[in-house]
Amino acid sequence: KEATVPIAIHMDHAMDEQLIRDSADNLPFDSIMVDMSHHEMEENLARTKELVAYCHARGIATEAEPGRIEGGEDGVADTADLDLEGKLTTAEQVEDFVATGIDFLAPAFGNVHGEYTAKGPILEWDRLEKIREAVNGRVRIVLHGTNDFPEDIMKRCIKGGVSKVNVNKLVLDDYLVHIKEKSATTPQLTVLMEQGVKEIRKLTEWQMDVCGSTGKA
């Protein structure tokens, strides 16, 4: 209520159908990611369409993930060891998912949840361009798996059509360093955390500048 910019509350990677329904009914989410990517594609699409309709009926925007962004991170089930072949998003899948009624599309074009190898992110830019062409402005393109993204790669993703970016480690690194280094000399937990939030703010402002979103609220 005190914010001077629009704020949206988003539930990311909701993989439990009942949790999605309960959250849509009882919690103040503005958007929910309906993540049925742990199912085979046909079932993924069917369940996504049903849950998207459920959320939309309650005024909640939805996001989904065609293809499979391999790996796992906080709050995301690690799908790498499931008996499902990791696939990158195709233009055909874009059509299938847009048809479910989603508002946001989180494609897989080489990005992964969690940590990258020593080579860093290796993204398929041609694939992202084909995804952008297939989307044709009908939904927003979302970028997942941004751990350790250098500025040039992030900017290229934005230029390639991404308008919503999920960040985790990129804005939490300095907070975690602060907690580790200062916990022994700062006995008050709330003070320690408040100081850490200032570190998150600095990195968040940096990423806003990188993505070109500063001052556009």
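Let us look at the structure shown here. (Residues numbered from 1 in each chain as written. Predicted model: local features only at pLDDT ≥ 70, side-chain atom pairs only at ≥ 80, totals over all residues. Heavy atoms only, no water.)

Some remarks on the overall build of the protein
Okay, so step 1: Counting its secondary structure elements, the protein contains seven helices and six strands.
Okay, so step 2: Compactness check: the protein gives a C-alpha radius of gyration of 18 Å against a globular reference of 17 Å for 217 residues, within 12% of the reference.
Okay, so step 3: Just so you have it, the protein exposes about 12300 Å², and 52% of that area is on carbon and sulfur atoms. (Helix = DSSP H or I, 4+ residues; strand = E, 2+ residues; numbered from the N terminus. Rg over C-alpha atoms; globule rule 2.2 N^0.38 Å. Areas by Shrake-Rupley, 256 points an atom, 1.4 Å probe, with all protein chains shown as cover.)

Let's talk about the environment of Asp148
Okay, so step 1: When you line up the elements, Asp148 lands in the loop between strand E5 (140-143) and helix H5 (151-159).
Okay, so step 2: When its relative accessible area of 41% is taken as the criterion, Asp148 is described as partly exposed.
Okay, so step 3: Sequence separation of Asp148 and Glu194 is 46 residues, and the distance between their C-alpha atoms is 24 Å.
Okay, so step 4: For Asp148, the residues in contact, after removing those within four places along its chain, are Glu115, Lys169 and Leu170.
Okay, so step 5: A polar contact of 3.4 Å, which involves the side chain of Asp148, links it to the side chain of Lys169. (Buried < 20%, exposed > 50% of the residue type's maximum accessible area, 1.4 Å probe, protein only. Contact = heavy atoms within 4.5 Å. Polar contact = N/O pair within 3.5 Å; in protein donor to acceptor, adjacent residues only side chain to side chain.)

Looking at the pairing of strand E2 (residues 31-34)
Okay, so step 1: Residues of E2 alternate between two faces, with Ser31 and Met33 on one and Ile32 and Val34 on the opposite face, all of them buried.
Okay, so step 2: In this sheet, E2 lies alongside strand E1 (residues 10-14) in parallel orientation, the contact comprising three bridges. Along E2, the bridge assignment pairs Met11 with Ile32.
Okay, so step 3: With respect to chirality, the unit in which E1 leads through helix H1 (residues 17-26) into the neighbouring parallel E2 is right-handed.
Okay, so step 4: The β-α-β motif built from E2, the intervening helix H2 (residues 41-56) and the parallel element strand E3 (residues 61-64) has right-handed crossover chirality. (Pairing = 2+ DSSP bridges. Right-handed = clockwise from strand over helix to strand, strands pointing away.)

Let's talk about the packing of helix H3 (residues 91-98) against helix H4 (residues 125-135)
Each packed pair of helices is defined by two parameters, the angle between the axes and the distance between the axes.
Okay, so step 1: With their axes 9 Å apart at the nearest point, H3 and H4 run at an angle of 35 degrees to one another. H3 and H4 meet at a crossing whose hand is right-handed. Of the residues in H4, those in contact with Ala91, Val94 and Glu95 of H3 are Ile131, Ala134 and Val135.
Okay, so step 2: For the contact of H3 with H4, a count of residues per class yields five nonpolar, no polar and one charged. (Axes fitted to C-alpha atoms, helices over the stretch in contact; angles between N-to-C directions. Left-handed = near helix turned anticlockwise from the far one by under 90°. Nonpolar A, V, L, I, M, F, W, Y, C, P; charged D, E, K, R; others polar.)

What about the state of the cysteines?
Okay, so step 1: Within the structure shown, the criterion is met by zero disulfides.
Okay, so step 2: Cys157 forms no disulfide, and the closest cysteine sulfur to it belongs to Cys211, at a distance of 9.0 Å.
Okay, so step 3: Looking at Cys157, the relative accessible area reads 0%, which means it is buried. (Disulfide = S-S within 2.5 Å.)

Points about the packing of aromatic side chains
Okay, so step 1: Taken as a whole and judged by the stated rule, the model has two aromatic pairs.
Okay, so step 2: Here the aromatic rings of Phe109 and Trp125 are separated by 6.5 Å at their centres, their planes lie at 50 degrees, and the arrangement is tilted. Separated by 16 residues along the polypeptide, Phe109 in the loop between strand E4 (104-105) and H4 and Trp125 in helix H4 bring together distant segments of the chain.
Okay, so step 3: Judged by relative accessible area, Phe109 falls into the buried class, the value being 0%.
Okay, so step 4: Residues Tyr116 and Phe149 carry aromatic rings whose centres are separated by 5.9 Å and whose planes lie at 45 degrees to one another, so their mutual orientation is tilted. (Phe/Tyr/Trp six-rings, centres within 6.5 Å; stacked < 30°, edge-to-face > 60°.)

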